[in-house]
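Next come the chains, spelled out residue by residue.
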Protein chains: 2
Amino acid sequence: MSNLPERLRERGWRLTAQRRVVAEVLTGDHVHLTADEVHTRAARQLPEIGRATVYNVLNDLVALGEIREVSTDDRAKRYDPNAHHPHHHLICTGCGTIRDVHPTADPATTLTPPERLGFTITTTEITFRGLCPTCRPLRPQPSPSGV
Amino acid sequence: MSNLPERLRERGWRLTAQRRVVAEVLTGDHVHLTADEVHTRAARQLPEIGRATVYNVLNDLVALGEIREVSTDDRAKRYDPNAHHPHHHLICTGCGTIRDVHPTADPATTLTPPERLGFTITTTEITFRGLCPTCRPLRPQPSPSGV
DNA sequence: AACAGTATTTAGACCAAATCCAAACCAAGA
DNA sequence: TCTTGGTTTGGATTTGGTCTAAATACTGTT
């Protein structure tokens, strides 16, 4: 697996400054930025970059399969750079934090053939929701009568 | 488990014509309408119903736990009336059809404690994607060289 | 039946996220 | 250098959804 810029060039993608900066911003684990956040960060390195460009590049990268859209409860889509290392998401219902998880058990098998209704399944996407360590109350709730 | 109108009345919900119509539209299996679709269908029975009302009712029903939001790739949220019978979704990447599935194997257990990163998990949501029987090509693709 | 008080509905203004568009720009090959 | 087509851009536009203030419809009380 070559690195991102190379892979893209091989597919006839011109590596412009804008595209490089967006790709750079979208690097790392547990990175799930909105288009707006990507734009803000990209603009720190390349102040002239336009919003439309960011949207264009993000959509191109999604189409090329290099990044993935993850839909949370927010209105804005988020982008996950880790498209080549399949994983799932753990979302904190308190603060909205999203973390990547790589379950050891493969969940693709949870659906038996008869349950598949004739579908040919290609991807399985799991979203776990709950409270992260920071948002979870450290002790049991005060007392049920204390309301 | 009583039926919807009764359950709602028990919780002090006034069952108005608008609310009844929205609830009626949202009935059945494999029903996953957008707010706009709900409005269109509701208006067939009750032409005066307003957009804002539909949004109000939908949000109320979600808050009451009677229906669930499902996020697809579309921009618009969809609403699933089957909140009391936990299930997952099968989405066709060809035509966008969404079908309910009830895997016999519960995948909520796929995450071992160390994998949970300290989260307290409350819900697990799985989205299977692939081609439905209608969209799947009946025979193998023409030939790789035919591009 | 009339009333008061509260819920509910409504149109339309408003907002945020994303897309569209046409003009400007730029990079690479002839 | 010139040309060509991919790329970028600001601004207008679309879309999905929320908010607000006024009108309307219930409910319980007398």
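Remember, it's a predicted structure, so these values are computed and weren't measured experimentally.

The rules behind the values
- Residues numbered from 1 in each chain as written.
- Chains lettered and ligands numbered in written order.
- Predicted model: local features only at pLDDT ≥ 70, side-chain atom pairs only at ≥ 80, totals over all residues.
- Heavy atoms only, no water.
- Near = heavy atom within 4 Å.
- Polar contact = N/O pair within 3.5 Å; in protein donor to acceptor, adjacent residues only side chain to side chain.
- Helix = DSSP H or I, 4+ residues; strand = E, 2+ residues; numbered from the N terminus.
- Contact = heavy atoms within 4.5 Å.
- Buried area = accessible area lost by both parts, 1.4 Å probe.
- Salt bridge = Lys/Arg side-chain N within 4 Å of Asp/Glu carboxyl O.
- Pairing = 2+ DSSP bridges.
- Buried < 20%, exposed > 50% of the residue type's maximum accessible area, 1.4 Å probe, protein only.
- Nonpolar A, V, L, I, M, F, W, Y, C, P; charged D, E, K, R; others polar.
- Axes fitted to C-alpha atoms, helices over the stretch in contact; angles between N-to-C directions.
- Parallel < 35°, antiparallel > 145°, perpendicular 65-115°, else oblique.
- Left-handed = near helix turned anticlockwise from the far one by under 90°.
- UniProt positions renumbered as here; feature names shortened; annotations may be inferred.

Explain the protein's contact with DNA strand C residue by residue, including any values.
Residues in contact with DNA strand C amount to 18 residues; listed here are only the nearest, A:Lys77, B:Arg14, B:Thr16, B:Arg19 and B:Thr53. Between a phosphate oxygen of DNA strand C and a side-chain N or O atom of A:Asn59, the distance comes to 3.2 Å. At 3.1 Å from a sugar or linking oxygen of DNA strand C is found a side-chain nitrogen or oxygen belonging to B:Gln18. Elements supplying a minimum of two residues to the surface near DNA strand C: α4 (51-63) of chain A together with α2 (17-25) and α4 (51-63) of chain B.

Quick one: what's the story with the interface of chain B and chain A, residue by residue and with numbers?
Contact with chain B, which involves 37 residues of that partner, is made by 36 residues of chain A. Both faces combined, the contact of chain B with chain A buries some 3,200 Å², and carbon together with sulfur accounts for 58% of it. In this assembly, chain B and chain A are joined by two salt bridges. Among the ionic pairs, B:Arg129 bridges to A:Glu125, the shortest N-O distance being 3.1 Å.

If you had to explain the pairing of strand β6 (residues 120-131) of chain A to someone new, which residues and values would you point to?
Here strand β4 (residues 88-92) of chain A runs beside β6(A); their pairing, made up of four bridges, is parallel. The residue of β6(A) that forms the bridge with A:His89 is A:Thr127. Of the strand pairs in this sheet, β6(A) and strand β6 (residues 120-131) of chain B are connected by 11 bridges, and their pairing is antiparallel. Bridging across to β6(B), A:Phe128 finds its partner in B:Thr124.

Tell me about the pattern of salt bridges, and name the residues and values.
In the structure shown here, the tally under the stated rule is 19 salt bridges over all chains. Two residues, B:Glu24 and B:Arg20, come together in a salt bridge whose shortest N-O distance is 3.0 Å. Taken as a pair, B:Glu24 and B:Arg20 lie in helix α2 at a separation of four residues, close to a single helical turn. A relative accessible area of 38% means that B:Glu24 is categorised as partly exposed. In this structure, a network of salt bridges that share partners links the residues A:Arg7, A:Arg11 and A:Glu66.

I'd like to hear about the protein's contact with DNA strand D, residue by residue, with values.
Around DNA strand D, a shell composed of 20 residues is seen, among which A:Thr16, A:Arg19, A:Thr53, B:Arg51 and B:Lys77 lie nearest. By atom count, sugar and phosphate contribute 70% of the portion of DNA strand D lying within 4 Å of the protein. In the environment of DNA strand D, a base nitrogen lies 2.9 Å from a nitrogen or oxygen atom belonging to the side chain of B:Arg51. In the model, a phosphate oxygen of DNA strand D is placed 3.1 Å from a nitrogen or oxygen of the B:Tyr55 side chain. If you list the elements that add at least two residues to the surface near DNA strand D, you get α2 (17-25) and α4 of chain A together with α4 of chain B. Broken down by element, the surface near DNA strand D gets its largest block of residues, four residues, from α4(B). Grouping the amino acids of the surface near DNA strand D by side-chain chemistry returns six nonpolar, six polar and eight charged.

So what's going on with unusual backbone geometry? Residues and values would help.
Residue A:Leu117 is not a glycine yet carries a positive backbone phi of 50 degrees. Tracing the chain through its elements places A:Leu117 in the loop between β5 (98-101) and β6.

I'd like a rundown of the packing of α2(A) against helix α3 (residues 35-45) of chain A, residues and numbers included.
All names here are of chain A. At a minimum axis separation of 9 Å, α2 and α3 run at an interaxial angle of 120 degrees. In terms of orientation, α2 lies oblique with respect to α3. Remark: the crossing between α2 and α3 carries right-handed chirality. Judged by residue contacts, Val21, Val22, Glu24 and Val25 of α2 engage Val38, Arg41, Ala42 and Gln45 from α3. Across the contact of α2 with α3, the residue classes break down as five nonpolar, one polar and two charged.

Just give me the short version of the UniProt feature "binding site: Zn(2+)" (unreviewed entry) in chain A, but keep the residues and values in it.
Residue and element names in this part refer to chain A. Residues annotated in UniProt with the feature "binding site: Zn(2+)" (unreviewed entry) correspond here to Cys92, Cys95, Cys132 and Cys135. Across 44 residues of sequence, these annotated residues stay compact in space, with a maximum C-alpha separation of 8.2 Å. If sequence neighbours within four positions are ignored, cysteine 95 has contacts with Cys132 and Cys135. The exposure class assigned to cysteine 135 is partly exposed, which follows from its relative accessible area of 29%. Setting aside chain neighbours within four positions, we find cysteine 135 in contact with Cys92, Gly94 and Cys95.

Report on the sheet that holds strand β2 (residues 68-70) of chain A, specifying residues and quantitative values.
Residue and element names in this part refer to chain A. Spatially, β1-β3-β2 is the arrangement adopted by the three strands of the open sheet, whose pairing is antiparallel. In this open sheet, the two edge strands, each paired with only one partner strand, are β1 (33-34) and β2. Bridging between β2 and strand β3 (residues 78-80) involves three bridges; their strand directions are antiparallel. Looking across to β3, one finds that glutamate 69 is bridged to tyrosine 79.

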